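Residues per chain are reported as follows:
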There are 2 protein chains.
Amino acid sequence: MLFKQVYQYIVGKIERNEWLAEEKLPSIRLLADELGVHRLTVFKAYQLLKENGKVLVKEKSGYYIRAAHQMSDALDPVQEAAPPTSLGELKNNLSEIQAVPVAYQFSQALIDPNLLPNLFLSEYVKKVFDIYPKLMGSYSSVQGDIELRELLCRYIADKHKVQLSVNEIMITSGATQAIDLIARLYIRPLDTILVERPTYSGALDAFRIHGARLISVDISSDGYDLERVEALMKQHRPRFFYMNPTFHNPTGYTVPSAQRKQLVELAERYRCLLVEDDAFHEMYFDQPPPSPLFTYDTEGWVVYIRSFSKYVAPGLRICAIICRQPVMGPLVTVKSLSDNGTPLVNQKIFLHYFQSERMQQHLKKLRIALQVRCDIMEAELRERTNWEWVRPRGGLNLWMKLPDAFPVDAFLQACFQQSISFVPGTICDPLQQMKPWIRLNYSFINEDQLREGIRKLTDISRQFKA
Amino acid sequence: MLFKQVYQYIVGKIERNEWLAEEKLPSIRLLADELGVHRLTVFKAYQLLKENGKVLVKEKSGYYIRAAHQMSDALDPVQEAAPPTSLGELKNNLSEIQAVPVAYQFSQALIDPNLLPNLFLSEYVKKVFDIYPKLMGSYSSVQGDIELRELLCRYIADKHKVQLSVNEIMITSGATQAIDLIARLYIRPLDTILVERPTYSGALDAFRIHGARLISVDISSDGYDLERVEALMKQHRPRFFYMNPTFHNPTGYTVPSAQRKQLVELAERYRCLLVEDDAFHEMYFDQPPPSPLFTYDTEGWVVYIRSFSKYVAPGLRICAIICRQPVMGPLVTVKSLSDNGTPLVNQKIFLHYFQSERMQQHLKKLRIALQVRCDIMEAELRERTNWEWVRPRGGLNLWMKLPDAFPVDAFLQACFQQSISFVPGTICDPLQQMKPWIRLNYSFINEDQLREGIRKLTDISRQFKA
């Protein structure tokens, strides 16, 4: 993987005329030192440049950049209409799958809009505009509406017994923005980031466009191998460990309490931030999950991303980042440059709805509805396949192991044909392997569609057996 | 300026242990070649590193990085609690000034919320929720609600006689996000960007955190010196020219029609994108401004940022980016990684309000109200000062030249004491000079406050006359 990043780095330099045609490339040793990578990595990158005709090798002299006209005599004028972008691997894998319109949507980790109390919400919006008649004319502060931040401080104190100040909370537009702000602030090209394997593919894409080197930590239903986490922190000094320890996406696993405290200690010892993404905390089935890692944090090494977007009101996209001042200060500046603050309208509607009695009732019903859908999906799969999975205790997804060597990509294409989608495991895997795994989401379509969709999906899967 | 960027670049490498203690720095020639800067620039950066104790000079050998313990024996543990950020000059100058709470607000280029039809807007919101009862449960597509993009296509076709497809429009959360997405996509450290002098300071900050080298083009009431623009494009091959040619912020100037076509030709010839920020287009006094540059663009070299946030409903933060497919494709991906799409609620409310009859009436009244406020501010200043300015024909600001050597910074501090704020010219200047200039905004406070505030401000200014 890494040599491709080095390759991209050099191609960028060439494309942008920072390294000019006919110039000699730096020696392998020099570039390896400069980028902090192994010489073999640079060597492999240079080999690939040679294979792709970007450089020439002159005997006993070194690698020379080929002139542009030699590289691309017949440039497509349309492709060349705009300057090349500065972002290397610009891709959002998950968006591409989710953009395919299908009837049986098993790829969206979203909650069925019919499970939200829409009528009540609309009534609520009307009330909010009565309370703040000039809401439409007003901006939020960059860090977020103070009234909302106060509410969330009380909520966190009440729920997790942690005292926060309003300066330790920032409102963002969804967890996507929160992850992006953190990535922008902390990742430079070739920085090491720890990620779970598997993990949320949107985060992988966000880290990759910043040129991060991703090192993975396996997650199982028992959590992580903490010795490995420690060894990786010690060896690679990662900028942060991005984790989703509660009803983990895509697996549904929850890291046990005992490990949480130890992880915070490791973070402190190795000065590695823990970026704790906790979007599913309230979506448990039988009993609440263990306390978030950030509740164990006394020295400021956890950045806690608590999204309310999925279960409160996706249309509003409200998420909170909770962290201590040394991280919050620069985060607020990046937020100011990113969008100057989340729209006030969204924050005020959220504020009033979130503290309503109705919201609590909704949440109780939602938990039951999700569990029912999960049960239906599991029953159908148990009856019709020999696939393996661990029963989740919350969250929105089932993580399925299909038979070894099952051709998941061909299966997905066949499913698309029948208006069914799911997420192939490879895109959740930082190493882009995990071939026979898939993620099936049970929260987005209704019970009948769910049954029907799983029957169709399992029927299609039979084509690929034999 | 540039040598400081090189300095920052090296300090970053050292702080992040990419270049290790006791290692030798690259030779001046090598680094100058690599960064594409003059050797003298690198020399100056190395001198500054030496002065600041970051490096040691060994006779006839070169520059060596000092060990960390030599550099900073007494690191503040709190400052060290989080890893250093990856962003060099992380600052938002304008936010800092605007964060000071004052009664006489002349630093916010915003429209007084009392000038917006708030009651009507609130009623409108209620209607929208009746039309879309499940709005709160739904996400927008990344590029923006299709119904809204269709409306904006018709609006642009109608207004500017340009046919667009829905794929050539993206909805963003305010112009701030639009500028940020473009900066993220096109700027790499040390890239050259053309900017006006003076210009919107938020854009300067956004470009600086990406490490851009800013080269300035003076703007006057006659527009730009096109020969200079051409020479700069030829010499520096800038990634783009960020411009605000209509009721320019901060000066209020409008680039004349004749220059607009020529600028598009220059952009095509030198393959330099024009990023046309056009937030004030509808806020004219007597007659509409010339057509945007993008209407002259046939080959896709203009990226048009049309914000509706200021005059339609700041609480919604709706802005559109209009550009051709080669630019739009990667922009949509960056948007997907940034926030996965602007909240749908905001787009739907905007959509229905924007096409209402009431909106058109509001806009007519708003133009008159702004002109009246501008007139009042000018009358007060004319009577009480010898400051110089060019009467604007639209927009939200007056750009004032104070007497030479006027101590603007001390003046601003004295104004803060009396609960008055304005924007000092230096932060609007890419070269951070323009000392005797200030920007006064006339759109945010009401007519009485405006009179009172300007009287107080001019009284304070007399302290500094001598």
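Small disclaimer: the values here were computed from a predicted structure and weren't measured.

S.K.: Please clarify how the overall build of chain A should be interpreted in this entry.
M.R.: A tally of regular secondary structure across chain A gives 16 helices and 14 strands. A compact globule built from 466 residues would reach a C-alpha radius of gyration of about 23 Å, and chain A, at 24 Å, matches this within 12%. Here chain A holds 466 residues, and the buried ones make up 50% of them. For chain A, contacts bridging at least 24 residues in sequence account for 74% of all contacts bridging at least 6.

S.K.: Can you walk me through the domain arrangement of chain A in this structure?
M.R.: A common way to express how large an interface is: the accessible area buried when the components associate. All names here are of chain A. Partitioning chain A into structural domains gives domain 1 (2-71), domain 2 (93-114 + 366-463) and domain 3 (116-357). Inter-centroid distance (C-alpha atoms) of domain 2 to domain 3 is 26 Å. Facing 28 residues of domain 2, the contacting portion of domain 3 comprises 29 residues. Among the elements of the structure, helix 5 (93-98), helix 14 (357-384) and strand 11 (397-401) are those that each provide at least two residues to the side of domain 2 that touches domain 3. Of the residues assigned to the side of domain 2 that touches domain 3, the class counts are 18 nonpolar, six polar and four charged.

S.K.: So what exactly am I meant to see when it comes to the relation of the copies chain B and chain A here?
M.R.: Two chain copies here: they are related by a rotation about an axis and a translation along the same axis. For the pair chain B and chain A, the best superposition has an RMSD of 0.1 Å and corresponds to a rotation of 180 degrees with a translation of 0.1 Å parallel to the axis. These values place the two chain copies in the arrangement generated by a two-fold rotation axis. Judged by C-alpha distance, Lys126(B) is the residue of chain B that lies nearest the rotation axis, at 2.8 Å. Comparing contact sets, 100% of the residues at the interface of chain B also lie at the interface in chain A, consistent with an isologous, same-surface contact.

S.K.: For this particular structure, what's the right way to read the environment of Arg260(B)?
M.R.: One can find Arg260(B) in helix 11 (residues 257-270). Sequence separation between Arg260(B) and Leu190(B) is 70 residues, and the spatial gap between their C-alpha atoms is 28 Å.

S.K.: So what exactly am I meant to see when it comes to unusual backbone geometry here?
M.R.: All names here are of chain A. Looking along the chain, the bond that leaves Arg 197 and enters Pro 198 is cis, with omega of -5 degrees. Within the secondary structure layout, Pro 198 lies in the loop between strand 5 (192-197) and helix 9 (201-209). The phi dihedral of Phe 247 falls on the positive side, at around 50 degrees, and the residue is not glycine. Mapped onto the fold, Phe 247 is located in the loop between strand 7 (240-243) and helix 11 (257-270). Of the residues examined, Phe 247 has 24 C-beta atoms within 10 Å and is grouped as buried. A positive phi angle, close to 50 degrees, is found at Arg 271, a residue other than glycine. Within the secondary structure, Arg 271 sits in the loop between helix 11 and strand 8 (273-277). Residue class for Arg 271 comes out partly exposed when judged on the 16 C-beta atoms lying within 10 Å of it.

S.K.: What should I look at first to understand the packing of helix 14 (residues 357-384) of chain B against helix 16 (residues 447-462) of chain B in this one?
M.R.: Two quantities define a packed helix pair, namely the angle between the helix axes and the distance between the axes. All names here are of chain B. Where helix 14 contacts helix 16, the two axes come as close as 10 Å, and the packing angle between them is 25 degrees. As the angle between them shows, helix 14 and helix 16 are arranged roughly parallel. The chirality of how helix 14 crosses helix 16 is right-handed. Of the residues in helix 16, those in contact with Val 372, Arg 373, Ile 376, Met 377, Glu 380, Leu 381 and Arg 384 of helix 14 are Glu 447, Leu 450, Arg 451, Ile 454, Arg 455 and Thr 458. A class-by-class count of the residues in the contact of helix 14 with helix 16 yields six nonpolar, one polar and six charged.

S.K.: Looking at this model, I keep getting lost on the interface of chain B and chain A. Mind explaining?
M.R.: Every contact between the two is made by 68 residues of chain B and, on the other side, 68 residues of chain A. Secondary structure elements with two or more residues in the side of chain B that touches chain A: helix 6 (118-131), helix 8 (174-186), helix 9 (201-209), helix 12 (325-338) and helix 13 (344-354) of chain B. Split into classes, the residues belonging to the side of chain B that touches chain A amount to 33 nonpolar, 21 polar and 14 charged.

S.K.: What is the right way to look at the nonpolar core in this model?
M.R.: One recurring pattern in soluble globular proteins is that nonpolar side chains are buried together. Membership of the largest hydrophobic core comes to 249 residues, with the highest contact counts inside it found for Leu274(A), Val275(A), Val303(A), Leu274(B), Val275(B) and Val303(B). If near-sequence neighbours (up to four positions away) are discounted, Val303(B) is found in contact with Ile182(B), Leu273(B), Val275(B), Glu276(B), Ile321(B), Cys323(B) and Val327(B). Ranked by size, the runner-up nonpolar core spans 14 residues in total, among them Tyr7(B), Ile10(B), Val42(B) and Ala45(B).

S.K.: So what exactly am I meant to see when it comes to the packing of helix 6 (residues 118-131) of chain A against helix 13 (residues 344-354) of chain A here?
M.R.: Residues and elements named next belong to chain A. Interaxial distance between helix 6 and helix 13 falls to 9 Å at its minimum, and their mutual angle equals 115 degrees. The crossing of helix 6 and helix 13 is right-handed. Side by side, helix 6 and helix 13 meet where Leu 121, Tyr 124, Val 125, Lys 127 and Val 128 of the first sit next to Lys 348, Ile 349, His 352 and Tyr 353 of the second. Among the residues making up the contact of helix 6 with helix 13, the classes are represented as six nonpolar, one polar and two charged.

S.K.: Even after reading the chapter, I still don't get helix 6 of chain A, so can you show me in this structure?
M.R.: An α-helical segment advances 3.6 residues per turn. Residues three or four places apart therefore align on the same side. The first and last C-alpha atoms of helix 6 of chain A sit 20 Å apart over 14 residues, in line with the 20 Å expected at 1.5 Å per residue. Where helix 6 of chain A is buried, its residues contact helix 13 of chain A together with helix 6 of chain B.

S.K.: Would you mind going over the sheet that holds strand 14 (residues 437-441) of chain B with me for this structure?
M.R.: In a beta sheet, neighbouring strands pair by backbone hydrogen bonds and run either parallel or antiparallel. Residue and element names in this part refer to chain B. The strand order across the open sheet built from three strands is 11-14-13, with neighbouring strands paired in antiparallel fashion. With one partner strand each, in any of the chains shown, strand 11 (397-401) and strand 13 (423-424) form the two edges of the open sheet. With five bridges joining them, strand 11 and strand 14 adopt antiparallel strand pairing. Within strand 14, the residue paired with Lys 401 across the bridge is Trp 437.

S.K.: What exactly am I supposed to notice about the pairing of strand 10 (residues 318-322) of chain A here?
M.R.: Residue and element names in this part refer to chain A. When you tally the buried positions in strand 10, you get five out of five residues, the bulk of the element. Side chains Ile 318, Ala 320 and Ile 322 of strand 10 all project onto a buried face; the interleaved residues Cys 319 and Ile 321 project onto the opposite face, where all are buried too. Looking at chain direction, strand 4 (residues 169-173) and strand 10 are connected through five bridges and run antiparallel. Note on strand 10: the bridge partner recorded for Thr 172 is Cys 319. Relative to strand 10, strand 9 (residues 302-307) is paired through four bridges, and the arrangement is antiparallel.

S.K.: Could you clarify how one ought to interpret the pairing of strand 8 (residues 273-277) of chain B in this entry?
M.R.: A regular strand places its side chains so that they alternate between the two faces of the sheet. Residue and element names in this part refer to chain B. Burial of strand 8 is extensive: five of the five residues sit out of reach of the surface. Across the two faces of strand 8 the burial is the same, with Leu 273, Val 275 and Asp 277 and Leu 274 and Glu 276 all buried. Relative to strand 8, strand 7 (residues 240-243) runs parallel, the two being bridged by four bridges. Among the inter-strand pairings, Tyr 242 is bridged to a residue of strand 8, identified as Val 275. Following the backbone out of strand 7, through helix 11 and into the adjacent parallel strand 8, one traces a crossover that is right-handed.

S.K.: I would appreciate a short explanation of the environment of Gln371(A) in the present structure.
M.R.: As for its position among the elements, Gln371(A) is in helix 14. Expressed as a C-alpha distance, the spacing of Gln371(A) and Val408(A), which sit 37 residues apart in the sequence, is 27 Å.

S.K.: Which parts of the structure should I look at to understand the confidence of the model for chain A?
M.R.: In low-pLDDT regions, the fine details of the predicted coordinates are not to be read closely. Residues and elements named next belong to chain A. Summary statistics for chain A give a mean pLDDT of 88 and a share of 94% for residues scoring 70 or more. Below a pLDDT of 50 lies the segment residues 69-81, which in the model reaches 10 contacts outside its immediate sequence neighbourhood of four places, other chains included. Confidence estimates for the predicted assembly give a pTM of 0.81 and an ipTM of 0.79.

S.K.: Sorry if this is basic, but what is going on with the environment of Gln143(B) here?
M.R.: Residue and element names in this part refer to chain B. Mapped onto the secondary structure, Gln 143 falls in the loop between helix 6 and helix 7 (146-160). Taking the C-alpha atoms as reference points, Gln 143 and Met 328, 185 residues apart in sequence, are found 9.3 Å from one another. Among residues more than four places away in sequence, those in contact with Gln 143 are Met 170 and Val 332.

Parameters at a glance
Residues numbered from 1 in each chain as written. Chains lettered and ligands numbered in written order. Predicted model: local features only at pLDDT ≥ 70, side-chain atom pairs only at ≥ 80, totals over all residues. Helix = DSSP H or I, 4+ residues; strand = E, 2+ residues; numbered from the N terminus. Rg over C-alpha atoms; globule rule 2.2 N^0.38 Å. Buried ≥ 20, exposed ≤ 12 C-beta atoms within 10 Å, placed from the backbone. Contact = placed C-beta atoms within 7 Å. Domains from an automatic or database assignment. Nonpolar A, V, L, I, M, F, W, Y, C, P; charged D, E, K, R; others polar. Least-squares fit on C-alpha atoms with pLDDT ≥ 70 in both. Axes fitted to C-alpha atoms, helices over the stretch in contact; angles between N-to-C directions. Parallel < 35°, antiparallel > 145°, perpendicular 65-115°, else oblique. Left-handed = near helix turned anticlockwise from the far one by under 90°. Core = buried A, V, L, I, M, F, W, Y, C linked by C-beta atoms within 7 Å. Expected span 1.5 Å × (residues − 1). Pairing = 2+ DSSP bridges. Right-handed = clockwise from strand over helix to strand, strands pointing away. pLDDT = per-residue confidence, 0-100.

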